[in-house]
Structures are given as structure tokens and as C-alpha cells.
Amino acid sequence: MNILLINGPNLNLLGTREPHIYGNKTLNDIENNLTKVAKEKGINLECFQSNHEGEIVEIIQNSVKSIQGILINAGAFTHTSISIRDALIGSKIPFVELHISNIFAREKFRKESFLTDKAVGIISGFGITSYFLALDGIIEFLSSDK
């Protein structure tokens, strides 16, 4: 099974960006640990990060034939990007929306997501553990009879 992890804008700054909200682990730390856990479960995890909306759209579109599930922390694009939403819908690849912080306990604009209603599920507020919970969630979804 092939899973794609997508991280959006500013997530490359993890470890230094607002550590009181996002913690001290870098994106590289998260990706390495998540890849190791995925491998132990027999899953191939591909990791991608971009600060550019079009690049995220392209990776989704280019994954249609090779990826069975997507984990996406779209960062600020969660609240602004109809094009990422449309790419996810158009790809028909099941996805889990994830967030390090609890977006529903933050600023009003962060409570609105263009992805949530199309996601298999949403994980929010568990720090970097959100990534591992999302991985378990997509694996369970893809392994079930639906």
C-alpha cells in the first residue's frame, strides 16, 4: 500500500516556528519517524512539502495511479485553497486531514476548512501525534470493507 503525506506552507519551519503551538520536532524528524512506523506496518510512505499551492495540486494529480491514500496537513491552505480541495476530490484518493494544533480552539478563520467535508476523517490537536493517528486512520479505512 502506498500512502502520500503532504505538508503545506510553513510546515518546513517546524521545530523553530511557534514551538509553544507546534512543538520542537522538525518536519524531517516527523517524516523520518512516520516513515519508519509505516514501513513496520508494511506501508510505503512518500513525503512531500511545499509552500506553493500549485505544486501541491500537481502532486495530488500525479498520484492518482500510484497512491491509495493521502495524509494532508495543508497548513494555511486548509482555510483558503479551493484548488487543493478540487484536486483531492478529482483524484478520488481517500484522504485524512490532519493538524498539529486544535484548529477549532484557535482564531476564527482557522475553524473553517475547505477539506473537512470531503475527508475520510480529521485529526486535530494532538501535536505531532496527529500524524501517527492519521496514518493509523487511513490504513484502517483502506483495509476495511467500507
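Residues numbered from 1 in each chain as written. Predicted model: local features only at pLDDT ≥ 70, side-chain atom pairs only at ≥ 80, totals over all residues. Heavy atoms only, no water.

(A) Layout of the side chain of Ser130. The residue Ser130 is located in helix H5 (residues 129–143) in this model. Ignoring any residue separated from it by four or fewer positions in sequence, one finds Ser130 in contact with Leu98, His99, Ile100, Ile123, Ser124 and Gly125. (Helix = DSSP H or I, 4+ residues; strand = E, 2+ residues; numbered from the N terminus. Contact = heavy atoms within 4.5 Å.)

(B) Here's a closer look at H5. With 15 residues, H5 should reach 21 Å at 1.5 Å per residue; the first-to-last C-alpha distance of 21 Å fits that figure. Among the residues of H5, those classed as buried are Ser130, Tyr131, Ala134, Leu135, Ile138, Ile139 and Leu142. Down the axis, H5 shows its buried residues gathered within 165° of arc, on one side only. For H5, exposure combined with an orientation more than 90 degrees from the buried face picks out Glu140 and Ser143. Check the buried side of H5 and you find it contacts strand S1 (2–7), helix H2 (27–40), strand S3 (69–73), strand S4 (95–99) and strand S5 (121–124). (Expected span 1.5 Å × (residues − 1). Buried < 20%, exposed > 50% of the residue type's maximum accessible area, 1.4 Å probe, protein only. Arc of directions from axis to C-beta.)

(C) Molecular detail of unusual backbone geometry. Although it is not a glycine, Asn10 sits at a positive phi angle of roughly 70°. Phi is positive for Lys92, which is not a glycine, with a value near 65°.

(D) A look at the sheet that holds S1. Taken together, the five strands give an open sheet; going across it, the order is S2-S1-S3-S4-S5, and neighbouring strands pair in parallel fashion. The open sheet has two edge strands with one neighbour each: strand S2 (44–49) and S5. Adjacent strand axes in the sheet meet at a mean angle of 20° when their direction is disregarded. In the sheet, S1 pairs with S3 via five bridges, with the strands oriented parallel. Across the sheet, the residue bridging to Leu4 is Ile70, located in S3. H2 rests against S1, S2 and S3 of the sheet, and its axis sits at about 165° to S2. (Pairing = 2+ DSSP bridges. Axes fitted to C-alpha atoms, helices over the stretch in contact; angles between N-to-C directions.)

(E) Structural context of the pattern of salt bridges. Taken as a whole and judged by the stated rule, the model has two salt bridges. Among the ionic pairs, Lys41 bridges to Asp136, the shortest N-O distance being 2.8 Å. Taken together, the positions of Lys41 in the loop between H2 and S2 and Asp136 in helix H5 put the pair 95 residues apart, joining distant regions of the chain. Measuring nitrogen to oxygen at the nearest pair gives 2.6 Å for the salt bridge that ties Asp117 to Arg85. In this pair, Asp117 is assigned in the loop between S4 and S5 and Arg85 in helix H4 (residues 82–91), connecting sequence segments 32 residues apart. Here Asp117 falls in the exposed class, since its relative accessible area comes to 51%. (Salt bridge = Lys/Arg side-chain N within 4 Å of Asp/Glu carboxyl O.)

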